[in-house]
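Analysis of the macromolecular model
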Amino acid sequence: TFSIDAQQDGIQAGNTLEITDGSLNITTGGGASNAPEHTEQMGFPGWFDTSTTEETDSAKGLKSDGDLTVSGGVLLLDCMDDALHCADVMTISDNADLTISTGDDGLHSDNTLAISGGSINITKSYEGLEAIFIEISGGETTLFSSDDGLNAAGGSSADTDFDFMGPPGGQGISE
């Protein structure tokens, strides 16, 4: 059983983070109600947006620089930033029981988010589930978001290896 109240990340792993059982109650950055307001910008953020973004301290609930797996346990997360965040593959399965309130993303993977079981209840978020690839094959998910419920674009074209713009094959216009 863990009860964590952190100004920055609740639990951070440099490589792999795996939760298989237990009870975690994590509040970061004062909670979801303390998150800065999201503002929409004109144009296509990530493609044509040339504005600078102010860097803030990370206040994520669970953060991994590699994979993040939750296959069991009861997690209560109230986070200013993403509740769960990983740089590679996030897997939610089996008996995972997540209740999330966040000022940003409920579950965010820079690569793949795979949900095959468990229960996910996101009561507040900006984006509920966000990853380049989202695979849902089981479990029960309920979410409330002020922007996208599911975003399979990763937030911007800069997060992908795909050619979204320009002619097929990446060929330029010949003279």
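Residues numbered from 1 in each chain as written. Predicted model: local features only at pLDDT ≥ 70, side-chain atom pairs only at ≥ 80, totals over all residues. Heavy atoms only, no water.

Some points on the pairing of strand β7 (residues 74-79)
On β7, burial follows the alternation: L75, L77 and C79 on one face are buried, whereas V74, L76 and D78 on the facing-out side are not. Here strand β4 (residues 23-28) pairs with β7 via 6 bridges, running parallel. Paired with T27 across the bridge in β7 is D78. Both β7 and strand β10 (residues 97-102) contribute to a ladder of 6 bridges, which runs parallel. Within β10, the residue paired with L75 across the bridge is L98. (Buried < 20%, exposed > 50% of the residue type's maximum accessible area, 1.4 Å probe, protein only. Helix = DSSP H or I, 4+ residues; strand = E, 2+ residues; numbered from the N terminus. Pairing = 2+ DSSP bridges.)

What about the confidence of the model for the protein?
Predicted confidence across the protein gives a mean pLDDT of 85, with 78% of residues reaching 70 or more. Scored below 50 in pLDDT, residues 42-54 makes 11 contacts in the model with residues more than four places away or belonging to other chains. Note on residues 156-175: pLDDT under 50 across the span, and 14 contacts to partners over four residues away in sequence or across chains. (pLDDT = per-residue confidence, 0-100. Contact = heavy atoms within 4.5 Å.)

What to know about the pattern of salt bridges
Pairs may arise between side chains of opposite charge once their charged atoms sit close together. Under the definition given, this model contains 2 salt bridges. Between D9 and K63 there is a salt bridge, with the nearest N and O atoms lying 3.8 Å from each other. On the criterion of sequence distance, the pair formed by D9 in the loop between β1 (2-6) and β2 (11-13) and K63 in strand β5 (residues 62-64) is long-range, its members being 54 residues apart. (Salt bridge = Lys/Arg side-chain N within 4 Å of Asp/Glu carboxyl O.)

Examining the sheet that holds strand β13 (residues 127-130)
Strand order in the open sheet formed by 6 strands is β2-β5-β8-β11-β13-β15, with parallel pairing between adjacent strands. Each edge of the sheet is formed by a strand with only one pairing partner; in this case those strands are β2 and β15 (150-151). As paired strands, strand β8 (residues 84-86) and strand β11 (residues 105-109) are joined by 3 bridges and run parallel to one another. By the bridge assignment, H85 is partnered in β11 with H108.

Thoughts on the nonpolar core
With 26 residues, the main nonpolar core has L62, V70, L84, I92 and L107 as its most contacted residues. When residues of this core are traced back to their parent elements, those giving at least two are β3 (17-19), β4, β6 (68-70), β7, β8, β9 (89-92), β10 and β12 (112-124). Here L107 is in contact with L84, M90, I92, I100, L113, I120, I122, G128, L129 and E130, once residues within four sequence places are set aside. (Core = buried A, V, L, I, M, F, W, Y, C linked by side-chain atoms within 4.5 Å.)

Remarks on the environment of K60
Its location among the elements puts K60 in the loop between β4 and β5. Its relative accessible area of 10% is what places K60 among the buried residues. As a C-alpha pair, K60 and C79 span 19 residues in sequence and 6.1 Å in three-dimensional space. When sequence neighbours within four positions are dropped, the list of residues in contact with K60 reads Q8, D9, G10, T28, C79, D81, D82, A83 and H85. Polar contacts involving the side chain of K60 include one to the side chain of D81, which spans 2.8 Å. (Polar contact = N/O pair within 3.5 Å; in protein donor to acceptor, adjacent residues only side chain to side chain.)

Some remarks on the side chain of H85
In this structure, H85 sits in strand β8. By relative accessible area, H85 is classed as buried at 14%. Beyond its immediate sequence surroundings of up to four residues, H85 is in contact with K60, L62, K63, S64, L68, M90, H108 and D110.

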